[in-house]
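Summary of structural features
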Amino acid sequence: VAGALSSSIIITSSYIIYKTINKRIKNKHAIPKLPNSFYSSRYINELKVAVQLALTTGRNIKAAVDKKDDLYIENKGITGIDFVTKTDRENELYIFTKLREQYPNFQQIGEESSSILNELPELTNEPTWIVDPIDGTTNFVHKFPCSCVSIALVDYKQSVVGVVYEPFKDELFLAIKG
């Protein structure tokens, strides 16, 4: 790793929360080094998968804004201000496809797929991935560089993994139960 890596760790009674800011890292596809304390969690593999997916789809968000061309935009809500874009749908499909390959028995709830159904699926005790492929779509639509990818895993109705990646500042926020 070349360049700077700054990070901070907060440990609570049940969760470890970690923030890292990656600047000038040679391999942008690599998962940053995680704190040793993360490896005591039974959800470490799920966290690594979610980080990789967030980094990949975060780069898609940044690339779409950097292109400076028109974004395909639809209105998904009755208010007239709840947008969905082609990148939203592509990111959610990519994330869910990859998650289904590795965790075929886990449930999935996505912001975009739920809006098509016009209802939220019931959260059960089954492991469930919850995804917002572009958190901050309004900013994205206006090409304001302040959007992120949010991926969470819930097990027995409790959050056990959380990953938020903001590609414009290259900030990665992680939380894991354990």
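Refer to the preceding data block for the structure.
Residues numbered from 1 in each chain as written. Predicted model: local features only at pLDDT ≥ 70, side-chain atom pairs only at ≥ 80, totals over all residues. Heavy atoms only, no water.

1. So, the overall build of the chain
Broken down by element type, the chain carries 4 helices and 9 strands. Along the chain, helices and strands appear, N-terminal first, in the series β-β-α-β-β-α-β-α-β-α-β-β-β. Within the span of the chain, comprising 178 residues, buried residues form 42% of the whole. Within the structure as shown, the chain displays about 9,800 Å² of accessible surface, and the carbon and sulfur contribution to it stands at 55%. (Helix = DSSP H or I, 4+ residues; strand = E, 2+ residues; numbered from the N terminus. Buried < 20%, exposed > 50% of the residue type's maximum accessible area, 1.4 Å probe, protein only. Areas by Shrake-Rupley, 256 points an atom, 1.4 Å probe, with all protein chains shown as cover.)

2. Re the nonpolar core
In terms of nonpolar packing, the biggest core is built from 34 residues, with L47, I151 and V163 touching the most fellow members. If you list the elements that add at least two residues to this core, you get α1 (44-66), α2 (86-102), β6 (128-135), β7 (148-155), β8 (158-166) and β9 (171-177). Filtering out sequence-adjacent residues up to four positions away, I151 remains in contact with A50, L53, A54, I95, W129, I130, V131, V161, G162 and V163. (Core = buried A, V, L, I, M, F, W, Y, C linked by side-chain atoms within 4.5 Å. Contact = heavy atoms within 4.5 Å.)

3. A few points about the environment of I44
Note that I44 resides in helix α1. Linking I44 and K177, residues 133 residues apart in sequence, is a C-alpha distance of 9.2 Å.

4. Observations concerning the packing of aromatic side chains
Applying the stated criterion across every chain yields a total of 3 aromatic pairs. Each residue in the set Y103, F106 and W129 is aromatic and connected to the rest through ring pairs, giving one cluster. (Phe/Tyr/Trp six-rings, centres within 6.5 Å; stacked < 30°, edge-to-face > 60°.)

5. Side note on the side chain of D155
Within the secondary structure, D155 sits in strand β7. With a relative accessible area of 7%, D155 lands in the buried category. Only 2.9 Å separates the side chain of D155 from the side chain of Y43, close enough to count as a polar contact. In contact with D155, not counting residues within four places along its chain, are R42, Y43, N125, E126, P127 and V160. (Polar contact = N/O pair within 3.5 Å; in protein donor to acceptor, adjacent residues only side chain to side chain.)

6. Examining the pattern of salt bridges
By the definition in use, this model includes 3 salt bridges. Among the salt bridges present, the one from D155 reaches R42, with a minimum N-O distance of 3.8 Å. Pair noted here: D155 is in strand β7 and R42 is in the loop between β2 (15-23) and α1, with a separation of 113 residues, a long-range link. You can call R42 exposed: its relative accessible area is 64%. K86 is the salt-bridge partner of E90, the closest N and O atoms lying 3.7 Å from each other. Separated by 4 residues within a single helix, E90 and K86 lie in helix α2, roughly one turn from each other. Given the relative accessible area of 46%, K86 is considered partly exposed. (Salt bridge = Lys/Arg side-chain N within 4 Å of Asp/Glu carboxyl O.)

7. Observations concerning the packing of α1 against α2
Where α1 contacts α2, the two axes come as close as 10 Å, and the packing angle between them is 160 degrees. Considering the angle they form, α1 stands roughly antiparallel to α2. Crossing geometry of α1 relative to α2 is assigned as right-handed. Every residue of α2 that contacts α1 at V49, L53, T56, T57, N60, I61 and A64 is listed here: T87, N91, Y94, I95, K98, L99 and Q102. Its residues placed into classes, the contact of α1 with α2 shows 7 nonpolar, 6 polar and 1 charged. (Axes fitted to C-alpha atoms, helices over the stretch in contact; angles between N-to-C directions. Parallel < 35°, antiparallel > 145°, perpendicular 65-115°, else oblique. Left-handed = near helix turned anticlockwise from the far one by under 90°. Nonpolar A, V, L, I, M, F, W, Y, C, P; charged D, E, K, R; others polar.)

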